[in-house]
Amino acid sequence: VQLQASGGGLVQAGESLSLSCVASGLTFSNYGMGWFRQAPGKEREFVATINWSGGNTYYTDSVKGRFTISRDNSKNTVFLELNTLKPEDTAVYYCAARWGGTSKSRYEYVYWGQGTQVTVSS
């Protein structure tokens, strides 16, 4: 199983980025997907999650209304749209997969991508 995240970069506060995560080696439509992030010196934290069909999504409070998680099962891809970025959003963003539904707990995810760096300057 491989999860390949991409789309990170350096932007100014208020700008947007689109992250993608392409999965291979698994039946993607059976898996709930999540995005997590880890800033230097901090623990990895939950950002957003989506169930196998895309019908259920959840977000951490700090990104509600700014970030959108979605998926395209025909392309084995999960997306994270990041809008109105803030310096505190700076982190390495990771995608992860778990069987079935959504979860906010990183311990319930079985497969992880390598991460993509998002840096927001003020």
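In the block above lies the structure referred to throughout.
The residue numbers shown here count from 1 along each chain, following its written sequence. Given that this is a predicted model, residues contribute local features only at a pLDDT of at least 70 and side-chain atom pairs are listed and counted only at 80 or more, while totals for whole chains, interfaces and linings are drawn from all residues. Side-chain metrics rest on all non-hydrogen atoms present in the structure, leaving aside hydrogens and water.

> How would you sum up the state of the cysteines? Please name residues and give values.
Defined simply, a disulfide is a covalent bond joining two cysteines at their sulfur atoms. Throughout, disulfides are identified as pairs of cysteine sulfur atoms within 2.5 Å of each other. Applying the stated rule across the entire model yields one disulfide. The partner cysteine of Cys21 in its disulfide is Cys95, sulfur to sulfur 2.1 Å. Where Cys21 bonds to Cys95 through sulfur, the torsion about that S-S bond is close to 60°, and the disulfide is right-handed. Here Cys21 is found in strand β3 (residues 17-24), whereas its partner Cys95 is found in strand β9 (residues 91-99), with 74 residues between them in sequence. Think of it in three bands: residues with accessible area under 20% of the maximum for their type are buried, residues over 50% are exposed, and the middle band is partly exposed, with areas taken using a 1.4 Å probe on protein chains only. The class for Cys95 is buried, based on a relative accessible area of 0%. Numbering goes from the N terminus for both helices and strands, where a helix is a DSSP run of H or I of at least four residues and a strand is a run of E of at least two.

> An account of the sheet that holds strand β8 (residues 77-82) is needed here, citing residue identities and associated values.
Whenever strands of a sheet pair, they do so through backbone hydrogen bonds, lying parallel or antiparallel. Should DSSP find at least two bridges between two strands, the strands are regarded as paired. Read across the sheet, four strands follow the order β1-β3-β8-β7 without closing on themselves; strand pairing throughout is antiparallel. Only two strands of the sheet have a single neighbouring strand rather than two, namely β1 (2-6) and β7 (67-72). The sheet shows a mean angle of 15° between the axes of neighbouring strands, direction not considered. Relative to β3, β1 is paired through five bridges, and the arrangement is antiparallel. Structural elements are reduced to axes, namely lines fitted to C-alpha atoms, with helices fitted over the stretch in contact, and the angle between N-to-C directions of any two is expressed from 0 to 180 degrees.

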